Amino acid sequence: MFPIPVGSPSALATRANAVPGVVRTVALAAGVLAAGAVIPALAQVTRHEARPAVRAVPPVARDAVTAPVAPDVINRDASGRVAIRATRLDTALTIDGHLDESTYRQVKSFGGFIQQEPQEGRPSSVSTDVWVFFDDQAVYVAARCWQDASLPLVANDLRRDGPSQFDNDNFAVIFDTFLDRRNGFMFQTNPLGSINDQLMTDEGAGSNRDWNAVWDLRTSRDAEGWSVEMRVPFRSLRFPRGQDQVWGLNFRRNLQARTEYAYLSPVPASAGRRGLARLSRAATLVGLQVPGQSARIDVKPAVVATLATDHEAAPPIDNDVSGRVGLDVKAGIGSGLTADVTVNTDFAQVEEDEAQVNLSRFSLFQPEKREFFLEGLGLFAFGGVANTRTQSGGGPPIAPVVFFSRRIGLADGTPVDIVAGGRITGRVGAWSVGGLQLRQDASVAAATPVTDFTVLRLRRDLFRRGSVGAIYTRRSHAEVGGALNQVGGADLLLAPTQDLTINAYVARSDTPGTGNDDASYRARIDYNADRAGIQAEYLVVGDDFTPDTGLMRREDFRRSFVEGRIGDRPRGVAWLRKWNLVGGVDYITDNDGAIESRTQSGAAKFELANGDGMDVTIERSFEALEEPLELADGREVPVGAYGFTMLRGGYQLSLRHKVSGDITVGAGSFYGGSIREVTYRGRLDVIPRLALEPNVAFNRIDVPSQARPFWVNVIGLRGTWPFSPRASVGMLVQYRSDGGTIGASARLRWEYRPGSDLFVVITEGREVHPTVAVPQNRTIAVKFTRLLRF
């Protein structure tokens with residue numbers, strides 16, 4: 001019998017009151033963490049089930065599943081729990097996508113996938129055969145995805161980590177290497193052989209699709225479907241000590257011709273697109289053996305050459321040639337921790353941020369794209385507030401982001417050199433550990449001094465799917481005033497059921513010269529079942545709360561928010577899969593109780609059987625402006641109180657169409673006047689492997705403070721041409737009517753061997769005048785990296 005951890009009971013009963021400021025919050029955090037460590041250990045006294053000798057795991061409640069006995073490779077018990085037995089390879093596999101080695105005839109496959117959509121709990125309408133192998137260097141996953149010739153293959157995204165790959169036919173696996181039932185490494189591909197990998201944390205509450213592992217795969221297609229072979233080196237993963245391993249894992253297959261999502265170990269429909277991350281429902285992998293622990297050191301030198309022109313710099317530069325040599329080192333510490341060191345860090349290969357329309361009084365949220373900051377980024381998320389692109393979902397966070405990595409190496413969008421730094425992330429038993437120390441160089445262009453950044457993060461598993469943790473951030477020179485800025489906080493996550501999560505945090509900042517209203521706290525409940533849901537939040541941000549290593553889009557406010565949803569899956573309506581009705585109220589005041597914003601909203605949403613969607617939304621809003629609001633190019637809305645109503649309709653075209661994407665049309669009142677808007681963000685398949693992705697937003701605004709109506713527009717076009725899963729050319733052209741600027745970039749990426757890259761990046765910015773576009777800046781950068789593994 002192999003036990004499966006499903007929870008970790010604990011309690012929270014600690015209070016610290018006598019110590020001021022950040023010290024008091026850190027003391028509270030220490031007490032919370034101590035409770036999280038001690039109480040589960042005491043609770044273990046009442047349990048009598050023996051632990052397996054092969055692995056050290058945190059104290060947890062257990063249930064068990066019977067492992068398959070050779071030659072069987074799968075066992076499903078009466079309660080539906082699944083165990084898979086990995087098979088050691090006697091001969092090497094050639095990773096070519098063709099399942100023609102004798103191994104596939106000698107070792108049984110397993111399957112029996114269960115639908116999540118459209119018919120939850122029913123067997124998949126197509127067969128999938130899967131194998132799991134291993135040798136002394138890697139774990140292998142192979143699959144035969146059977147598909148009738150009458151069902152078209154939907155596969156049009158070959159880009160590395162392409163955002164459209166979920167909406168392709170695809171096959172994915174996730175490994176829960178610590179068997180904590182909450183965190184995992186996900187690997188995915190489609191019939192074209194695309195490469196997609198993600199780090200999943202907290203069952204998908206945090207996921208990082210920009211993380212890139214060193215691994216290999218190949219696919220092949222024929223008249224009866226398609227096949228895939230994956231090879232994931234053990235050193236690309238992290239796992240507990242010991243040769244014999246027990247992991248969690250699950251597999252997903254998407255069949256877009258029927259908009260069908262199926263899993264080896266069934267996942268509820270309420271999990272939505274995050275179903276693979278629902279690791280508490282995953283199968284168990286047994287029989288796996290890993291090599292003995294040894295030094296794991298990756299050294300990645302980089303050489304960069306740049307030719308730059310910038311007419312707006314002080315002094316201006318013209319065809320300035322520069323070079324840079326950098327070094328990244330990654331080393332395994334024990335079995336679960338990873339240390340990273342970076343010197344002369346360079347981000348020349350990073351894609352430009354996409355232009356956005358901002359008609360609010362608050363800053364935009366741009367995702368992190370720099371490789372050094374991506375690994376383990378989800379661990380540094382605090383209080384259930386998004387700090388990554390995937391977590392942020394449909395909109396930017398309103399609550400403060402205590403640690404936001406884009407505050408390092410960037411100052412109001414201006415790049416600032418990073419001299420050196422280090423990071424440690426990983427797990428030690430039930431604890432997740434993160435630490436970051438970086439030095440940012442002085443910058444004349446950004447008017448910033450040499451600045452040191454420190455971030456410390458601890459989190460302990462709690463109960464079945466919860467956690468309790470603490471964070472500390474330090475910035476040696478605050479953005480305003482230049483003083484030392486520190487923030488400390490404690491957070492709590494409870495997930496008593498599959499559909500219910502509770503997040504809470506308390507944090508304080510400490511900056512010399514500020515007042516005592518320096519705290520922020522939040523409590524949020526999310527219930528998200530398939531046919532009903534409710535979200536409720538109470539958030540307070542003090543007037544003096546300043547997380548200078550984070551992102552705070554709004555200051556000095558209190559938020560009360562509630563939103564409810566009901567829905568159904570009607571039978572007998574062939575074209576409609578599901579409908580939802582959503583209504584909510586968002587009420588924001590300052591800390592003296594004066595209203596700042598209020599939004600009442602209602603929406604009807606429809607999921608169609610062909611994968612498309614549509615919605616209608618109405619919003620009634622109130623905004624109290626205490627200072628003028630600039631909409632575009634000096635056009636302002638004066639101080640005052642404004643009420644307005646907005647009606648929007650949207651249609652979402654799935655990737656089954658040659659033209660896909662989201663179309664939205666809206667109209668309503670706006671700051672005493674009116675607004676009309678049209679947006680489209682989508683994809684046009686031109687020829688196989690070549691796609692154009694337009695991103696356009698047109699806003700016609702007519703407000704009393706302006707003599708005539710005006711437009712605020714963003715027009716963007718991205719083109720991608722992947723030669724292979726590891727080589728592609730991309731271009732991005734963007735025009736903003738606000739400021740009259742146009743920017744263009746082209747980027748070649750060639751991963752000439754796993755983990756080693758060649759980048760060629762060209763960017764140019766111009767200022768648009770009635771008759772001419774005047775060049776402002778141009779950069780040509782070539783970056784070469786080579787991964788050396790010891």
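Throughout this document, residue positions are counted from 1 along each chain, in the order its sequence is written. Local features are withheld for residues below a pLDDT of 70 in this predicted model, meaning they are given only at 70 or higher, and side-chain atom pairs are given and counted only at 80 or more; totals for whole chains, interfaces and linings count all residues. To get the side-chain values, all heavy atoms of the structure are used, and hydrogens and water are removed first.

Draft legend 1. Geometry of the layout of surface pockets. A cavity here means a set of 1 Å grid points, computed over protein atoms only, where a 1.4 Å probe fits but cannot escape. A pocket is an open set with protein on both sides within 12 Å along at least 5 of 7 lines, and lining residues have an atom within 4 Å of a point. Grid points are joined across faces, edges and corners, and a volume is the space filled by probe spheres set on the points. Of the pockets and cavities examined, the second largest pocket occupies roughly 590 Å³. The wall of the second largest pocket is formed by 28 residues, among which Arg361, Phe362, Arg553, Glu627 and Leu629 lie closest to the centre. Within the residue set of the lining of the second largest pocket, elements represented by two or more residues are strand E35 (629-632) and strand E41 (710-724). Note on conventions: DSSP H or I runs of at least 4 residues are helices, E runs of at least 2 residues are strands, and numbering of each starts at the N terminus. Per element, the largest residue contribution to the lining of the second largest pocket is four residues, and it comes from E35. Counted by class, the lining of the second largest pocket contains ten nonpolar, five polar and 13 charged residues. In this classification, the charged set is Asp, Glu, Lys and Arg, the nonpolar set is Ala, Val, Leu, Ile, Met, Phe, Trp, Tyr, Cys and Pro, and all remaining amino acids, among them Gly, are polar.

Draft legend 2. Looking closely at the environment of Ala314. Its location among the elements puts Ala314 in the loop between strand E18 (297-310) and strand E19 (317-333). Residue classification places Ala314 among the exposed positions, given a relative accessible area of 72%. Note: C-alpha distance between Ala314 and Ala445 (131 residues apart in sequence) is 7.4 Å. Buried means the residue's accessible area, taken with a 1.4 Å probe over protein chains only, is under 20% of the maximum for its type, while exposed means over 50%, and partly exposed covers the values in between.

Draft legend 3. Quick look at the pairing of strand E10 (residues 184-189). With respect to burial, E10 is a largely interior element, six of its six residues being buried. Of the two faces of E10, the one lined by Gly184, Met186 and Gln188 and the one lined by Phe185, Phe187 and Thr189 are each fully buried. By definition, two strands form a pair when at least two bridges between them are found by DSSP. Relative to strand E11 (residues 196-201), E10 runs antiparallel, the two being bridged by five bridges. In the strand pairing of E11, Met186 is matched with Gln198. Linking E10 to E11, which pair antiparallel, is a turn of six residues; within it Gly193 sits at a positive phi near 95 degrees.

Draft legend 4. Structural context of the packing of aromatic side chains. Centres within 6.5 Å make a pair out of two Phe, Tyr or Trp rings, where for Trp the six-membered ring is used; the pair is then stacked when the planes are under 30 degrees apart, edge-to-face when over 60, and tilted otherwise. Scanning the model with the defined rule gives 20 aromatic pairs in all. Between Phe171 and Phe251, the aromatic rings sit 6.0 Å apart at their centres with planes inclined by 25 degrees, giving stacked as the arrangement. Taken as a pair, Phe171 in strand E9 (residues 170-176) and Phe251 in strand E15 (residues 244-255) lie far apart in primary sequence, 80 residues in all. According to the relative accessible area criterion, Phe171 is buried, its value standing at 0%. For the ring pair Phe382 and Tyr505, a centre distance of 5.3 Å and an interplane angle of 50 degrees mean the geometry is tilted. Of this pair, Phe382 sits in the loop between helix H3 (371-374) and helix H4 (389-392) while Tyr505 sits in strand E28 (residues 500-510), placing them 123 residues apart in sequence. Both residues of the pair, Phe382 and Tyr505, belong to the buried class.

Draft legend 5. Layout of the sheet that holds strand E5 (residues 87-88). Read from one edge to the other, the open sheet built from five strands follows the order E5-E7-E8-E14-E13, with strand pairing classed as mixed. The open sheet has two edge strands, E5 and strand E13 (216-222), and neither has a second partner. The pairing of strand E7 (residues 128-134) with strand E8 (residues 138-146) spans seven bridges and is antiparallel. In the sheet register, Thr128 faces E8, and the bridge partner there is Cys145.

Draft legend 6. The arrangement of the side chain of Asp590 in detail. Note on placement: Asp590 falls in the loop between strand E32 (576-589) and strand E33 (595-608). Working convention for charge: Lys and Arg count positive, Asp and Glu count negative, and His plus the chain ends are omitted. By salt bridge we mean one thing: a side-chain nitrogen of Lys or Arg within 4 Å of a carboxyl oxygen of Asp or Glu. Buried and without a salt bridge, Asp590 has Arg558 as its closest oppositely charged side chain, separated by 7.4 Å. Counted as a polar contact is a pair of N or O atoms within 3.5 Å, where, for protein atoms, one must be capable of donating a hydrogen and the other of accepting one, and residues adjacent in sequence contribute only when both atoms are in side chains. Of the polar contacts made by the side chain of Asp590, one reaches the backbone nitrogen of Asp592; its length is 2.9 Å. A polar atom in the side chain of Asp590 sits 3.0 Å from the backbone nitrogen of Gly593. By definition in these notes, contact holds between two residues if any of their heavy atoms fall within 4.5 Å. Every residue in contact with Asp590, bar those within four places of it in the chain, is listed here: Asp556, Phe557, Arg558, Glu596 and Glu626.

Draft legend 7. A look at a nonpolar patch on the surface. Here a patch means residues that are over 30% exposed by relative accessible area and free of salt bridges, tied together within 9 Å if like-charged and within 5 Å if nonpolar (Val, Leu, Ile, Met, Phe, Trp, Tyr). The Shrake-Rupley method, run with a 1.4 Å probe, gives the accessible areas here. Residue values count only the displayed protein chains as cover. Together, Ile663, Val665, Val678, Phe698, Trp711 and Ile715 make up a nonpolar patch on the protein surface, roughly 490 Å² of accessible area in all. Of all elements in the fold, only strand E38 (659-670) and E41 reach the threshold of two or more residues within the nonpolar patch. Inspection of the secondary structure assignment puts Val665 in strand E38. On the accessibility criterion, Val665 (46% relative accessible area) is partly exposed.

Draft legend 8. Highlighting the side chain of Asp346. Here Asp346 shows up in the loop between strand E20 (337-345) and H3. For the buried Asp346, no salt bridge is present, and the opposite-charge side chain at shortest range is Lys783, 4.0 Å distant. In contact with Asp346, other than residues within four places in its own chain, are Val304, Arg324 and Lys783.

So yeah, pure geometry; function would need other evidence.
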